[in-house]
Amino acid sequence: MLTFSGLDANRAVLTFFGAHAAALPDHTREKLSEALAGADWLGGIITALEALYAARADLPAEGVELLDGLARFVSANNFYGKAHRAAQISGVARRIARGGNAEAAGDPKVEPGFEAPAVASEQPAEGDQ
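Conventions we followed
Residues numbered from 1 in each chain as written. Predicted model: local features only at pLDDT ≥ 70, side-chain atom pairs only at ≥ 80, totals over all residues. Heavy atoms only, no water. Helix = DSSP H or I, 4+ residues; strand = E, 2+ residues; numbered from the N terminus. Buried < 20%, exposed > 50% of the residue type's maximum accessible area, 1.4 Å probe, protein only. Contact = heavy atoms within 4.5 Å. Axes fitted to C-alpha atoms, helices over the stretch in contact; angles between N-to-C directions. Parallel < 35°, antiparallel > 145°, perpendicular 65-115°, else oblique. Left-handed = near helix turned anticlockwise from the far one by under 90°. Lys, Arg positive; Asp, Glu negative; His and termini not counted. Salt bridge = Lys/Arg side-chain N within 4 Å of Asp/Glu carboxyl O. Polar contact = N/O pair within 3.5 Å; in protein donor to acceptor, adjacent residues only side chain to side chain.

Quick question: what am I supposed to make of the environment of S90 here?
Within the fold, S90 resides in helix α5 (residues 83–97). Accessibility expressed as a relative area gives 2% for S90, which makes it buried. In the structure, S90 is positioned 87 residues away from T3 in sequence and 12 Å away in space, judged by C-alpha atoms. If sequence neighbours within four positions are ignored, S90 has contacts with D68, A71 and R72.

Here it is, written out as structure tokens:
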């Protein structure tokens, strides 16, 4: 179980990103890059938390562990007023770590801007038939 107290959370995101960036979905990699590039380390933690949560079904075990640790860190300190949401996300991460489903009824919704891009429909447009 990862436990953070400050900038160590940012270092953990950087370490995870370095080890797993190539395997992450493009939109997740972009959001984690944003999180690490900003000058506001705490805002970066929130961005990383939301990006990992949105990609929870595609994360390796280390990513799920990081998601849980970041969520507990944010929740314990009520950063950005996200104590309740982060606690719920931590619960989802623990469920996944125990082999449960990545998504279940009642889970917090993915924050706007963190969703996977919509896949273009395979059906031809009306005028193309």
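Help me out: how do you make sense of the side chain of K82 in this one?
Assignment of secondary structure puts K82 in the loop between α4 (61–77) and α5. Setting aside its immediate chain neighbours within four residues, K82 contacts I46, E50, V74 and E111.

Explain the packing of helix α1 (residues 7–20) against helix α3 (residues 41–54) here, please?
When two helices pack together, their arrangement is given by the angle between their axes and by how far apart the axes lie. Contact pair α1 / α3: the axes reach a minimum separation of 10 Å and the direction vectors enclose 45°. It follows that α1 is oblique to α3 by the angle criterion. Of the two possible hands of crossing, α1 and α3 adopt the one that is left-handed. Residues L7, A9, N10, V13 and F16 of α1 pack against W41, I45, A48 and L52 of α3.

What should I look at first to understand the side chain of R56 in this one?
Relative to the assigned elements, R56 resides in the loop between α3 and α4. Buried and unpaired, R56 has no salt bridge, with E103 as the nearest side chain of opposite charge at 4.3 Å. Among the polar contacts made by the side chain of R56, one reaches the main-chain carbonyl oxygen of Y53 at a distance of 2.8 Å. Within the local environment of R56, its side chain forms a polar contact with the backbone oxygen of A102, the two atoms lying 2.8 Å apart. Look past the residues within four positions of R56 in its chain and what remains in contact with it is L67, V92, I96, A102, E103, D107 and V110.

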